[in-house]
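# Analysis of the macromolecular model
Residues per chain, in single letters:
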Amino acid sequence: MRSGLFVMSAGLVALAAACAPPSPETPAAETPSAAEAAAATPRPITLPVSLNAVMVALVDHASEPLWLDAYEPPTTEAGWRAAEHHAYQMAVGGKLIQLAGTGPNDATWVADPKWISMSDEMSAAGMDALAATKAKNVALLNAAGDRLVAACEACHIDYKLGLPSMGIYKSPDYPVPER
Ligand code: HEC
């Protein structure tokens, strides 16, 4: 029954909309909304800093304490939690470095399929580290750290040798004691 709708202003609006003839230009079922169109179009993203800076401030910073050949394994709840956060950073960092930043060679690197697969390998090693930290398993974390370092070295051999590091160096006193 329509009569009930007339007592509410919202009902009036609904009724008016229902009565409006469909516009021939915009058949509702076929034309995507602006939001849908935007979602379907890949958005080009450029990182606000160079990939070199990402290496120093994120990749190196997060990976180093996961490398148990050089660092003590976590022994406390807080230590395992910190390692878990570092593992997340590596897993995501491997995907992040597939986006170019402001470095002069960044765009060339990320356009190279080999760069992408080497970055994916770093991300996969990060996921191994994540599983190890969730299980609090030192042997698994050690294996993940080895896979991680192999991923760094493989890419550096191909892309980094002889390159200037643009004056961005890692902190000599990292990591801070947190275990
Ligand atoms: C997909 C390739 C790739 C992977 C993987 C990669 N790097 Fe890099 N890294 C580079 C390139 C290329 C540069 C040089 C960037 C520049 O100078 O513009 C660099 C620079 C660096 C730098 C700064 C320069 C220096 O020598 O101090 C550090 C530190 C670094 N990487 C650490 C790491 C660590 C640690 C890992 C692994 C956990 C890693 N990188 C994984 C390609 C990679």
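A short tour of the structure in this document, coming up. Note that the coordinates shown come from a computational prediction; the quantities given were computed from them, not determined experimentally.

### Some words on the coordination of the iron atom of the ligand
Looking at the iron atom of the ligand, the protein donor atoms are Met55 (SD) and His156 (NE2), and they sit 2.0 to 2.4 Å from it. Using a relative accessible area of 30% as the deciding quantity, one classes His156 as partly exposed.

### A look at the packing of helix H3 (residues 51–63) against helix H4 (residues 77–96)
As a packed pair, H3 and H4 sit with axes 8 Å apart at the nearest point and diverge in direction by 140 degrees. The orientation of H3 with respect to H4, classified from their angle, is oblique. Read as a crossing pair, H3 and H4 show a hand that is left-handed. In this structure, H3 contributes Val54, Leu58, Val59, His61, Ala62 and Ser63 to the contact, and H4 contributes His86, Gln89, Met90, Gly93 and Leu96.

### A closer look at the packing of aromatic side chains
Two aromatic rings, taken as a pair, are described by how far apart their centres are and by the angle between their planes. All told, the structure shown has 2 aromatic pairs when counted by the stated rule. Aromatic pair Trp109 and Trp115: ring centres 5.2 Å apart, planes at 0 degrees, arrangement stacked. Across this residue pair, the class does not change: Trp109 and Trp115 are buried. Summarising the aromatic geometry, the rings of Trp115 and Tyr159 are spaced 5.0 Å apart at their centres and angled 85 degrees between planes, so their arrangement reads as edge-to-face. Taken together, the residues Trp115 in helix H6 (residues 113–134) and Tyr159 in helix H7 (residues 138–159) connect sequence positions 44 residues apart. The burial state of Trp115 is the same as that of Tyr159; both residues are buried. Linked through ring pairs, Trp109, Trp115 and Tyr159 together constitute an aromatic cluster.

### Details of the pattern of salt bridges
Counted according to the given criterion, the structure contains 7 salt bridges. A salt bridge links Arg81 to Glu84; the nearest nitrogen and oxygen atoms lie 3.9 Å apart. With Arg81 and Glu84 both in helix H4, this residue pair falls 3 residues apart, about one helical turn. Classification of Arg81 by relative accessible area gives partly exposed; the value is 45%. Residue Lys134 is joined to Glu84 by a salt bridge in which the shortest nitrogen-to-oxygen separation is 3.5 Å. Separated by 50 residues along the polypeptide, Lys134 in helix H6 and Glu84 in helix H4 bring together distant segments of the chain. Exposure remark for Lys134: the relative accessible area of 49% places this residue in the partly exposed category. Through salt bridges with shared partners, one network takes in Arg81, Glu84 and Lys134.

Rules and cut-offs
Residues numbered from 1 in each chain as written. Predicted model: local features only at pLDDT ≥ 70, side-chain atom pairs only at ≥ 80, totals over all residues. Heavy atoms only, no water. Donors = N, O, S within 2.8 Å, 3.2 Å for Na, K, Ca; no water. Buried < 20%, exposed > 50% of the residue type's maximum accessible area, 1.4 Å probe, protein only. Axes fitted to C-alpha atoms, helices over the stretch in contact; angles between N-to-C directions. Helix = DSSP H or I, 4+ residues; strand = E, 2+ residues; numbered from the N terminus. Parallel < 35°, antiparallel > 145°, perpendicular 65-115°, else oblique. Left-handed = near helix turned anticlockwise from the far one by under 90°. Contact = heavy atoms within 4.5 Å. Phe/Tyr/Trp six-rings, centres within 6.5 Å; stacked < 30°, edge-to-face > 60°. Salt bridge = Lys/Arg side-chain N within 4 Å of Asp/Glu carboxyl O.

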